[in-house]
Amino acid sequence: MNSFWAAIQFLTIFPTPLKGEVNDKVMGLALMYFPLVGLLLGVVLLVLYQILILVLPAPIVFALLVAALAIFTGGNHIDGLIDSCDGIFGGKNREERLTIMSDARVGAFGVTGAVLLLLMKYVTIRSAPVLPALLLMPVLGRWAMTYVIFFFPYARGSGLGSSFKQEITWKKLAIASFLALVPSVLLMTWKGIALLGFLCGIIFGIGRFIQSRIGGLTGDNYGAVNEIAEVLTLLLIIMLDKLPYQ
């Protein structure tokens, strides 16, 4: 149970009964529960939507939901996106890119990336069917982190992300994937399987691109992958929803 609380503690600002720091083994087991934490976030977003839509216009509600998701996650994933954009697109070589990603200062690539992503998230969350959008977006975003942690090497010699990389196994990835697949199928039937399949391919391509730039992925990149996967999930839900077959 500690590993589930550890996943909540790592991915959100929600309080947990855990006291002090957790060891690498517990953090490794927490990887299995990343999609469940996403589902928890999705349920919270859905409850907020049901309340806010009673008193506010839909555009304002969806803007508040995007803001709420950033707040509930402590802004960590967006921060990872900013650092990733600055480093991957701003550096001339691997060492310089990694150094830029460690720099606390924000550059033009990071600001541009964050603005464009938040804009896309707002537009797509408004356009997608509410139930699958609010529930599956955070689930598949956090599953995508487990996916890239397994398939790609860690780019640094140490860091929090290295603990995840050292502990990830096929079994943990399979459990996380199952926990992502079940709500996808329940909400979208066979389209949920297609959604996860398309997302697998696109995220793998993104992971390969990052690896080609810095030799692997870092903790910042894991956060960036989560943010990108959330937007991709919304886009794919919109596209699949337009198919005539259920």
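The shown structure was predicted, so the numbers you read here are calculated from the model rather than taken from an experiment. (Residues numbered from 1 in each chain as written. Predicted model: local features only at pLDDT ≥ 70, side-chain atom pairs only at ≥ 80, totals over all residues. Heavy atoms only, no water.)

*Asks:* I'd like a description of helix α4 (residues 58-72), backed by residues and values.
*Replies:* Compared with an ideal rise of 1.5 Å per residue, which puts 15 residues at 21 Å, α4 spans 21 Å between its outermost C-alpha atoms and is within 8% of the ideal. Residues of α4 that are buried in the fold lie against α1 (2-11), α3 (34-52), α7 (108-127), α8 (130-151) and α12 (219-241). (Helix = DSSP H or I, 4+ residues; strand = E, 2+ residues; numbered from the N terminus. Expected span 1.5 Å × (residues − 1). Contact = heavy atoms within 4.5 Å.)

*Asks:* Pulling in residues and values, what's your account of the packing of helix α5 (residues 76-90) against helix α6 (residues 94-102)?
*Replies:* Put simply, α5 and α6 touch, their axes get as near as 8 Å, and they point 155° apart. Here α6 runs roughly antiparallel to α5, going by the angle between their axes. Crossing hand, α5 versus α6: right-handed. Each of D83, S84, D86, G87, I88 and G90 in α5 lies in contact with α6, whose residues at this interface are E96, R97, I100 and M101. Residues of the contact of α5 with α6, tallied by class, amount to 3 nonpolar, 3 polar and 4 charged. (Axes fitted to C-alpha atoms, helices over the stretch in contact; angles between N-to-C directions. Parallel < 35°, antiparallel > 145°, perpendicular 65-115°, else oblique. Left-handed = near helix turned anticlockwise from the far one by under 90°. Nonpolar A, V, L, I, M, F, W, Y, C, P; charged D, E, K, R; others polar.)

*Asks:* Can you lay out the environment of R142 for me, pointing to particular residues and giving the numbers?
*Replies:* Mapped onto the secondary structure, R142 falls in helix α8. Along the primary structure R142 and F72 are separated by 70 residues, whereas in three dimensions their C-alpha atoms are 14 Å apart. Not counting residues within four places of it along the chain, the set of residues in contact with R142 comprises L11, F34, P35, G38, L41, L69, T73, H77, N226 and E230. Among the polar contacts listed, one links the side chain of R142 to the backbone oxygen of P138, at a separation of 3.0 Å. (Polar contact = N/O pair within 3.5 Å; in protein donor to acceptor, adjacent residues only side chain to side chain.)

*Asks:* Describe the pattern of salt bridges, with residues and values.
*Replies:* What the rule picks out here adds up to 5 salt bridges. Its salt-bridge partner being R94, residue E95 comes within 3.9 Å of it at the nearest N-O pair. The exposure class assigned to R94 is partly exposed, which follows from its relative accessible area of 33%. (Salt bridge = Lys/Arg side-chain N within 4 Å of Asp/Glu carboxyl O. Buried < 20%, exposed > 50% of the residue type's maximum accessible area, 1.4 Å probe, protein only.)

*Asks:* Describe the nonpolar core, listing the residues and the values that go with them.
*Replies:* Formed by 69 residues in total, the largest nonpolar core has its most connected members in F34, W143, V148, L195, L199 and I203. Per element, the largest residue contribution to this core is 14 residues, and it comes from α8. (Core = buried A, V, L, I, M, F, W, Y, C linked by side-chain atoms within 4.5 Å.)

*Asks:* Explain the packing of aromatic side chains residue by residue, including any values.
*Replies:* Going through the model one piece at a time under the given rule, you end up with 17 aromatic pairs. Cluster of aromatic residues (ring-pair linked, three or more members): W143, Y147, F150, F151, F152, W170 and F204. (Phe/Tyr/Trp six-rings, centres within 6.5 Å; stacked < 30°, edge-to-face > 60°.)

*Asks:* An account of the side chain of S184 is requested, with residue identities and associated values reported.
*Replies:* Assignment of secondary structure puts S184 in helix α10 (residues 170-188). When near neighbours in sequence (up to four residues on either side) are disregarded, S184 contacts L136, L140, T189 and G192.

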